[in-house]
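# Observations on the three-dimensional arrangement
This is what each chain is made of:
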Amino acid sequence: MPFRRRKPASHLERLRALVWPRMGFRRSLRYLKLRLVRLSASPYSVAAGVAVGVAVAWTPFLGVHIIIAMALGFVLRANLVAAALGTTFANPLTFPLIWASTWELGHLILGRGDRNVSSHVDFVELFSHMNFLQLWRPVLEPMTIGAVIPAALSGIVAYVSVYAIIRSFRTQKLQSLAQHAANRKSVLGVTE
């Protein structure tokens, strides 16, 4: 095989690569940025798509983040690919932060500061039967309500930053193309 390692990775190396990639997270983030700036939609559309995806990532509805983001993106005329990419904000590294903060904020907003509420909930029983109505009040309601504020804030930050990145990338690209065309005209001796 031409792309196989000479010395196979050990179990410890595989485990380390699972937690922290060999090339780091910078490469993954750079790849995500390149995917976004190369989309052929308007800067508004791409930025709105990412903002919708990041905002939806705060909700507790795992497994349907992409569907919700695409539905909202369709309504807002946002880029659907960017919306799907924005949902990658919710990943195994950010789940503990998202779940803990939305849980606490939801209980604070709902006025359920009583810590005894969570001790009466048998999560194993709720999740094993997956009864949505029984799961809504103790788990999903506080997390959904608690997700509103961080989702709005992170959506705004994502929109502004992605919009600025795409505008600057496209401006630099247009300037580069204009410079290339001017150089080519000067080499060929074309005058206007």
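Residues numbered from 1 in each chain as written. Predicted model: local features only at pLDDT ≥ 70, side-chain atom pairs only at ≥ 80, totals over all residues. Heavy atoms only, no water.

### Quick look at the overall build of the chain
From N to C terminus, the chain includes 9 helices and 0 strands. Reading the chain from its N terminus to its C terminus gives the helix and strand order α-α-α-α-α-α-α-α-α. Taken over 192 residues, the chain has a buried fraction of 31%. (Helix = DSSP H or I, 4+ residues; strand = E, 2+ residues; numbered from the N terminus. Buried < 20%, exposed > 50% of the residue type's maximum accessible area, 1.4 Å probe, protein only.)

### What about the packing of aromatic side chains?
All told, the structure shown has 4 aromatic pairs when counted by the stated rule. Pairing Tyr159 with Tyr163 gives two aromatic rings, centres 5.8 Å apart and planes at 20 degrees, and the pair type is stacked. Separated by 4 residues within a single helix, Tyr159 and Tyr163 lie in helix H9 (residues 132-188), roughly one turn from each other. For Tyr163, a relative accessible area of 30% puts it in the partly exposed group. Grouped by ring-pair contacts, the aromatic residues Tyr44, Tyr159 and Tyr163 constitute a single cluster. (Phe/Tyr/Trp six-rings, centres within 6.5 Å; stacked < 30°, edge-to-face > 60°.)

### Side note on the confidence of the model for the chain
On average, residues of the chain carry a pLDDT of 83, and 87% of them reach 70 or more. When mean pLDDT is taken per element in the chain, helix H4 (residues 65-75) scores highest with 94 and helix H7 (residues 116-119) scores lowest with 49. (pLDDT = per-residue confidence, 0-100.)

### A closer look at the side chain of Thr94
Mapped onto the fold, Thr94 is located in the loop between helix H5 (80-86) and helix H6 (95-110). Residue classification places Thr94 among the buried positions, given a relative accessible area of 17%. Polar side-chain contacts of Thr94 include one of 2.7 Å to the backbone oxygen of Phe89. (Polar contact = N/O pair within 3.5 Å; in protein donor to acceptor, adjacent residues only side chain to side chain.)

### With respect to unusual backbone geometry
Note: most peptide bonds trans; most residues except glycine with negative phi. If you check the backbone angles, Arg77 has positive phi at about 60 degrees while not being a glycine. The topology assignment puts Arg77 in the loop between H4 and H5. The exposure class assigned to Arg77 is exposed, which follows from its relative accessible area of 70%.

### Thoughts on a nonpolar patch on the surface
Together, Tyr44, Ile66, Met70, Phe74, Val75, Leu76 and Leu80 line one region of the surface with nonpolar side chains, adding up to about 680 Å² of accessible area. Examining the composition of the nonpolar patch, we find that 4 residues originate from one element, H4, more than from any other. Along the chain, Leu80 turns up in helix H5. Classification of Leu80 as partly exposed rests on a relative accessible area of 33%. (Patch = residues over 30% accessible without salt bridge, like charges linked within 9 Å, V, L, I, M, F, W, Y side chains within 5 Å. Areas by Shrake-Rupley, 256 points an atom, 1.4 Å probe, with all protein chains shown as cover. Salt bridge = Lys/Arg side-chain N within 4 Å of Asp/Glu carboxyl O.)

### Overview of a positive patch on the surface
Together, Arg16, Arg22, Arg27, Arg30 and Lys33 make up a region of like positive charge exposed at the surface. Among the elements that take part in the positive patch, helix H2 (residues 25-37) stands out by supplying 3 residues, more than any other. Tracing the backbone through its elements, the reader meets Arg22 in the loop between helix H1 (11-19) and H2. Residue classification places Arg22 among the exposed residues on the basis of a relative accessible area of 68%. (Lys, Arg positive; Asp, Glu negative; His and termini not counted. Charge placed at Lys NZ, Arg CZ, Asp CG, Glu CD.)

### Quick notes on the packing of helix H3 (residues 43-56) against H4
Axis angle and axis distance: for two packed helices, these are the angle between their axes and the distance between the axes, and together they describe the pair. At a closest axis distance of 9 Å, the pairing of H3 and H4 adopts a crossing angle of 140 degrees. When the axis of H3 is compared with that of H4, the two are oblique. Between H3 and H4 lies a crossing of right-handed hand. Counting all contacts with H3, which are made through Val52, Gly53 and Val56, the residues of H4 involved are His65, Ile68, Ala69, Leu72 and Gly73. Taken together, the residues that form the contact of H3 with H4 break down as 5 nonpolar, 3 polar and no charged. (Axes fitted to C-alpha atoms, helices over the stretch in contact; angles between N-to-C directions. Parallel < 35°, antiparallel > 145°, perpendicular 65-115°, else oblique. Left-handed = near helix turned anticlockwise from the far one by under 90°. Contact = heavy atoms within 4.5 Å. Nonpolar A, V, L, I, M, F, W, Y, C, P; charged D, E, K, R; others polar.)

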